[in-house]
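Spelled out, the chains give:
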Amino acid sequence: MNNQAHWHTMDTQQVLEAVDASPQGLTAGEAQARLARDGENKLAEQKPRSWVSIFFAQFADIMVIVLFVAALISGLLGEWVDAAIIGVVILLNAILGTVQESRAEAALQALKSMSAPFARALRDGAVAHIPASELVAGDVVLIEAGDNIPADIRLLECASLKVEESALTGESVPVEKNCAPLEDAKAALGDRINMLYMSTIATYGRGVGVVVATGMHSQIGRIAGQLQQEKSEETPLQKKLKQITNILSIAVLVIAAVIFGVGLLGGRDVLDMFLTAVSLAVAAIPEGLVAVVTIVLAMGMQRMAKRGAIIRKLPAVETLGSTSVICSDKTGTLTRNRMRVVETWTGGAPGEAPQGSAALAPLYEAMGHCNDVRLGEADETIGDPTETALIDYLFEAKIWGAQDVLARSRTGEIPFDSERKRMSVVIAKDGRQRVLVKGAPDVLIARCDQLLDQGKPVPMDDAARSRANEAVDNMARRALRVLAFAYKDVQDVDTSDIDGTESSLTLVGLTGMIDPPRDEARDAIAICRRAGIQPVMITGDHKVAAVAIAQNLGILNDGMRAITGAELDQISDEALTEQVPEIGVYARVAPEHKSRIVRAWQQRGDIVAMTGDGVNDAPALKEADIGVGMGITGTDVSKGASDMVLTDDNFATIVKSVKEGRRIFDNIHKAVRFLLSSNAGEVIALFVATLLGWPLLAPVHILWVNLVTDTFPALALGVEPAEPGLMDRPPREASRPFFTGYTWTQVGILGALEGGLTLVAYAIGQAMGGAVCGTTMAFVTLGLTQLVAALGFFSEHDSIVTLKPRRHKMLLLALAGSALLQLVVVLLPPLRSIFSLTMLSGVQWLIVLGLMAAMLVFIELQKRVTRLLHQAE
């Protein structure tokens, strides 16, 4: 099967010869032989991974391995509670990952299910109702309005056939088909009007065609093949956390080895130093990190679901927050995906006659009667989008109601024909016959002798004709789809005389319609620009319509331009990467173009989101850093290929998701900084104590502090509300490390201060009451100073005195609970005995409080310096 042939350039005889078929179709025997040779008309099935393999793959991550080792070490030290908690974290992470990846495996299955289950084909010269999967190249297929197109087909015959191809090409209006060969071998899919493609839908008329491509050789099959070839990329957060994990893993081993060696050189017991080194290793690993990241993302996913965005992959929340470019389809995403009449003309200036006036009555009559729309169960309009727009207009203006549509009666009709570009109906009117005609303006105006000017007929002289054509041009320049309406009253009419019936007409008016932009999309794009995000429109629609919508929405700013898919083909990949910031609109594009545009932005270091609802969007949705599918109008393929699905198909929901993603990234950043600074404090304190020969803390003390002060405060930081001005700053650069040098310095200084205050507490305690007293004061001080530090992380710049308890309730509860767990070990005698601690005196408690206050003062000074630095920028 030659799926690369230019079928649209061949005449019907050449096509039949190429596929070795005749207009009478194939014999059953020949069809069976071809089916055995070429395979079924199905998309290739990729063997899905079992949930078991997906589950065990979750344990290949280096952080999970480190956590697993930490759990084993904790178990060997007898800390079974700590080991159990780490084990639960590992298991929870694996289960969540398995669920999310299993859903992604359904993408190709969704593509497969889109194929039409049955088709009507000529077999042995008779019409046979056969499974679509049994169609082969050479089959002659019959198509009627409402049919799903079961394969790629070259038309042999057609009568007023229109096909809805928005799922494949992005074209918002059904395409009129004909059988004539085309000259342009490189014509875009949307311009190949003599071709039908699998998984599109016939909306009007009928046709007969020969199958030229099936299964994976079809256009949708090519897309399925691209989906199979796509590779999943790690998100920026995953990459940066992995970098930190690798650094920590190496640092842990080095520090543990150094402390073990220093202790041995100092004459310390080998087993004691081994346990200390292992405990330090466990303390240095922020085992709460995976739990915090996973749970915070999961909670963000729930919040976003309530706002109309379903996250299919947890890291997608953070990725969207880092997005700097949104490549969006037009139809159904930025527009309503429903044609709407926005302007009428009846001889004067556009909109001169008020809606519902008597002057417009003849136009309304023609709009309602010269129309094949039918009503559904809830009186919704069903039919051709152009015709439903006309009836919707009459309904919204309360000019017609459902009863008027049901009461329509014709005494004759001439169906629409793509060559005539018009249709006519005949109705009884005041004892005579009224012919109502609807069609393309250029054709219909030429057949009119009179113009109904504001309700009064005037001769269609050169001046009147010029006025009518000028009105058409004015609408067309604003990307409106223009229809003309005319009528004439006669005593008798013979509809078999088409030319006579549709001549000597009176032009009653024009209508201009468009698939209007969403109001909320306009506001969302304004917010995107304020947030430093570049919106880009990528559509299969015509350039004029796309530019008009883009200008209305604010996508095309000064200096930006629009290009077509044909123009894009003339630009090299290198040149496109340079020019892509200047291009705001891409029109008449093919699926391959969309992925290429996404890659061009990514080559510049941008994080790209791609929104879409059609089959043609799936490869780009997979290629983008985050794919955003439409839940209402979207195909199963686009949803399956997406990282996030919008349940309301509302572009504004993306903006809410961006804000949520930025909030989550900020909070994860705070939580990670807190965890690392806390663990750095423990490492510094133990390292210096080992050098000084001080028995600062036992392994059980280190593990307890690490457990109590890490998880709950870090989780609370992860769910903090968004800081003011979150959407007034540019997105993070993709090349920017998760931690900058300044951030590492902050973590180091904070850790050094915590470790230093702990050592001071030990020295004072040892002097006042011996080693046990020193250990107790160091134990309490280490835990409480870490909690004070967590309190400071509620904001990057604001003072702790500005903290509002109701707004930061979760953080305050977490800190209070952790402080209680830390103190209860000292305050309760049984636990105090288990941990080998002693009760502190009032003076000693005051000293501990003083050390906490020192930490608080330092944090306030640090924030003051940060505010001054920002003001100086």
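Structure shown above.
What counts and what doesn't
Residues numbered from 1 in each chain as written. Predicted model: local features only at pLDDT ≥ 70, side-chain atom pairs only at ≥ 80, totals over all residues. Heavy atoms only, no water. Helix = DSSP H or I, 4+ residues; strand = E, 2+ residues; numbered from the N terminus. Buried < 20%, exposed > 50% of the residue type's maximum accessible area, 1.4 Å probe, protein only. Contact = heavy atoms within 4.5 Å. Disulfide = S-S within 2.5 Å. Patch = residues over 30% accessible without salt bridge, like charges linked within 9 Å, V, L, I, M, F, W, Y side chains within 5 Å. Areas by Shrake-Rupley, 256 points an atom, 1.4 Å probe, with all protein chains shown as cover. Salt bridge = Lys/Arg side-chain N within 4 Å of Asp/Glu carboxyl O. Pairing = 2+ DSSP bridges. Axes fitted to C-alpha atoms, helices over the stretch in contact; angles between N-to-C directions. Parallel < 35°, antiparallel > 145°, perpendicular 65-115°, else oblique. Left-handed = near helix turned anticlockwise from the far one by under 90°. Nonpolar A, V, L, I, M, F, W, Y, C, P; charged D, E, K, R; others polar. Lys, Arg positive; Asp, Glu negative; His and termini not counted. Charge placed at Lys NZ, Arg CZ, Asp CG, Glu CD. Expected span 1.5 Å × (residues − 1). Core = buried A, V, L, I, M, F, W, Y, C linked by side-chain atoms within 4.5 Å. Phe/Tyr/Trp six-rings, centres within 6.5 Å; stacked < 30°, edge-to-face > 60°. Lys NZ or Arg CZ within 6 Å of the ring centre and 35° of its normal.

**Q** I keep staring at the overall build of the protein and nothing clicks. Help me out?
**A** The helix and strand inventory of the protein stands at 32 helices and 25 strands. Expressed as a percentage of the 873 residues in the protein, the buried residues total 55%. Restricting to contacts in the protein with at least 6 residues of sequence separation, those with at least 24 account for 71%.

**Q** Which parts of the structure should I look at to understand the state of the cysteines?
**A** Disulfide: a covalent bond formed between the sulfur atoms of two cysteine residues. Enumeration according to the criterion identifies 0 disulfides in this entry. Among the cysteines around Cys179, which has no disulfide bond, Cys158 carries the closest sulfur, lying 3.6 Å off.

**Q** Help me understand a nonpolar patch on the surface in this model?
**A** Among the surface-exposed residues, Trp51, Val52 and Phe56 lie close enough to one another that they form a single nonpolar patch of about 360 Å² accessible area. Mapping Trp51 onto the fold places it in helix 3 (residues 51–57).

**Q** Is there a simple way to think about the sheet that holds strand 25 (residues 644–646) in this case?
**A** Note on sheets: strands pair through backbone hydrogen bonds, and any given pair is parallel or antiparallel. Pairing within the open sheet is mixed, and its 8 strands lie in the order 8-25-24-23-9-20-22-21. The sheet terminates laterally at strand 8 (309–311) and strand 21 (561–564), the two strands that pair on one side only. Ignoring which end each strand starts from, the neighbouring axes of this sheet average 20° apart. Where strand 21 lies against strand 22 (residues 583–587), 4 bridges are found, and the strand directions are parallel. Bridging across to strand 22, Ile563 finds its partner in Tyr586.

**Q** Got a minute to help me understand the environment of Ala119 in this structure?
**A** Summarising the element assignment, Ala119 is placed in strand 1 (residues 118–123). Accessibility expressed as a relative area gives 5% for Ala119, which makes it buried. Taking C-alpha positions, Ala119 is 7.2 Å from Val141, a pair spaced 22 residues apart along the chain. Those residues in contact with Ala119 that sit more than four places away from it in its chain are Ala128, His129, Ile130, Ala132, Leu135 and Pro150.

**Q** Hey, could you run me through the pairing of strand 23 (residues 608–612) in this one?
**A** Each regular strand shows side chains that alternate between the opposite faces of the sheet. For strand 23, a buried count of 5 out of 5 residues is recorded, marking the element as mostly surrounded by other parts of the structure. A two-sided burial pattern is seen for strand 23, the buried positions comprising Val608, Met610 and Gly612 on one face and Ala609 and Thr611 on the other. Two elements, strand 9 (residues 325–328) and strand 23, share 4 bridges in a ladder whose sense is parallel. Across the sheet, Ile326 pairs through a bridge with Ala609, a residue of strand 23. Alignment of strand 23 against strand 24 (residues 626–630), held across 4 bridges, turns out to be parallel. Looking at the pairing, Gly612 lines up with Gly629 of strand 24.

**Q** Would you mind showing me how to read the pairing of strand 9 here?
**A** Burial of the side chains of strand 9 extends over both faces: Val325 and Cys327 are buried on one face and Ile326 and Ser328 on the other. Sheet topology places strand 9 next to strand 20 (residues 534–538); 4 bridges connect them, and they run parallel. Considered in strand 20, the bridge of Ser328 is made with Met537.

**Q** Sorry if this is basic, but what is going on with the packing of helix 13 (residues 361–369) against helix 14 (residues 385–396) here?
**A** Packed helices, taken two at a time, are described by their axes: the angle between them and the distance between them. Two elements in contact, helix 13 and helix 14, have axes separated by 9 Å at closest approach and are oriented at 130°. If you check the angle between helix 13 and helix 14, you find them oblique. Seen from above, helix 13 lies across helix 14 with left-handed handedness. In this structure, helix 13 contributes Tyr364, Met367 and Gly368 to the contact, and helix 14 contributes Leu390, Ile391, Tyr393 and Leu394. Its residues placed into classes, the contact of helix 13 with helix 14 shows 6 nonpolar, 1 polar and no charged.

**Q** Help me understand a positive patch on the surface in this model?
**A** On the surface, Lys306, Arg307, Lys656, Lys659, Lys804 and Arg807 cluster together into a positively charged patch. Within the secondary structure, Arg307 sits in the loop between helix 11 (288–306) and strand 8.

**Q** Would you mind showing me how to read the pattern of salt bridges here?
**A** Opposite charge on two side chains allows them to pair when their charged atoms are near. Overall, the coordinates contain 32 salt bridges when judged by the stated rule. Between Arg522 and Asp519 there is a salt bridge, and its shortest N-O distance comes to 3.4 Å. Note that Arg522 and Asp519 are positioned in helix 19 (residues 519–530) at a spacing of 3 residues, about one turn of the helix. Accessibility expressed as a relative area gives 44% for Asp519, which makes it partly exposed.

**Q** Before we go on, may I ask you to explain helix 26 (residues 651–692) in this structure?
**A** An α-helix turns once per 3.6 residues; consequently, residues spaced three or four apart project the same way. For helix 26, with 42 residues, the first-to-last C-alpha span of 62 Å sits near the 62 Å given by 1.5 Å per residue. Burial of helix 26 is extensive: 34 of the 42 residues sit out of reach of the surface.

**Q** Is there a simple way to explain the nonpolar core in this structure?
**A** In globular proteins that are soluble, nonpolar side chains generally tend to be buried together. Leu507 and Phe651 are the most contacted members of the largest nonpolar core, which totals 78 residues. Sequence-distant contacts of Phe651, that is, excluding residues within four places in its chain, are made with Ile326, Ser328, Thr333, Leu334, Ala521, Ala524, Ile525 and Cys528.

**Q** Would you explain the environment of Pro181 in this entry?
**A** Relative to the assigned elements, Pro181 resides in the loop between strand 5 (175–176) and strand 6 (195–196). Remark: the alpha-carbon pair of Pro181 and Leu155, spanning 26 residues in sequence, is separated by 9.8 Å. The residues contacting Pro181, other than those within four sequence positions of it, are His8, Thr9, Met10, Asp11, Arg154 and Asn194.

**Q** Explanation requested: unusual backbone geometry in the structure shown.
**A** Most peptide bonds take the trans configuration, and most residues that are not glycine carry a negative phi. In this model, Asp20 sits at a positive phi of 55°, which is unusual for a non-glycine residue. Summarising the element assignment, Asp20 is placed in the loop between helix 1 (12–18) and helix 2 (28–38). Although it is not a glycine, Asp379 sits at a positive phi angle of roughly 65°. Its place among the elements puts Asp379 in the loop between strand 11 (374–375) and strand 12 (381–382).

**Q** In this structure, what is going on with helix 20 (residues 543–553)? I would like to understand it.
**A** For helix 20, every residue scored as buried is listed here: Ala545, Ala546, Val547, Ala548, Ile549, Ala550 and Leu553. As for helix 20, its buried residues are in contact with strand 19 (505–514), helix 19, strand 20, strand 21 and strand 22. Of the residues flanking the end of helix 20, it is Gly554, one or two places downstream, whose phi is positive at about 90°.

**Q** Would you mind going over the packing of aromatic side chains with me for this structure?
**A** The description of two aromatic rings rests on the distance between their centres and on the angle between their planes. By the definition in use, this model includes 4 aromatic pairs. On the numbers, 6.2 Å between centres and 50° between planes, the contact of Tyr364 with Tyr393 is tilted. You can see Tyr364 sitting in helix 13 and its partner Tyr393 sitting in helix 14, a full 29 residues away along the chain. By the burial criterion, Tyr364 is buried, and Tyr393 matches it. Relative to Phe835, the ring of Phe779 lies with its centre 6.3 Å away and its plane at 40°, an arrangement referred to as tilted. On the criterion of sequence distance, the pair formed by Phe779 in helix 29 (residues 771–792) and Phe835 in the loop between helix 31 (829–834) and helix 32 (842–872) is long-range, its members being 56 residues apart. The buried category is assigned to Phe779, whose relative accessible area is 0%. The aromatic ring of Phe416 is capped on one face by Lys162, whose charged end is 5.0 Å from the ring centroid.

**Q** Please explain the packing of helix 26 against helix 29 as it appears in this structure.
**A** One way to put it is that helix 26 packs onto helix 29 with a least axis distance of 10 Å and a crossing angle of 155°. It follows that helix 26 is roughly antiparallel to helix 29 by the angle criterion. For the pair helix 26 and helix 29, the crossing hand works out as right-handed. Packed against helix 26, whose contacting residues are Phe674, Ser678 and Glu682, the element helix 29 presents Leu782, Gln786 and Ala790 at the interface. Of the residues belonging to the contact of helix 26 with helix 29, the class tally is 3 nonpolar, 2 polar and 1 charged.

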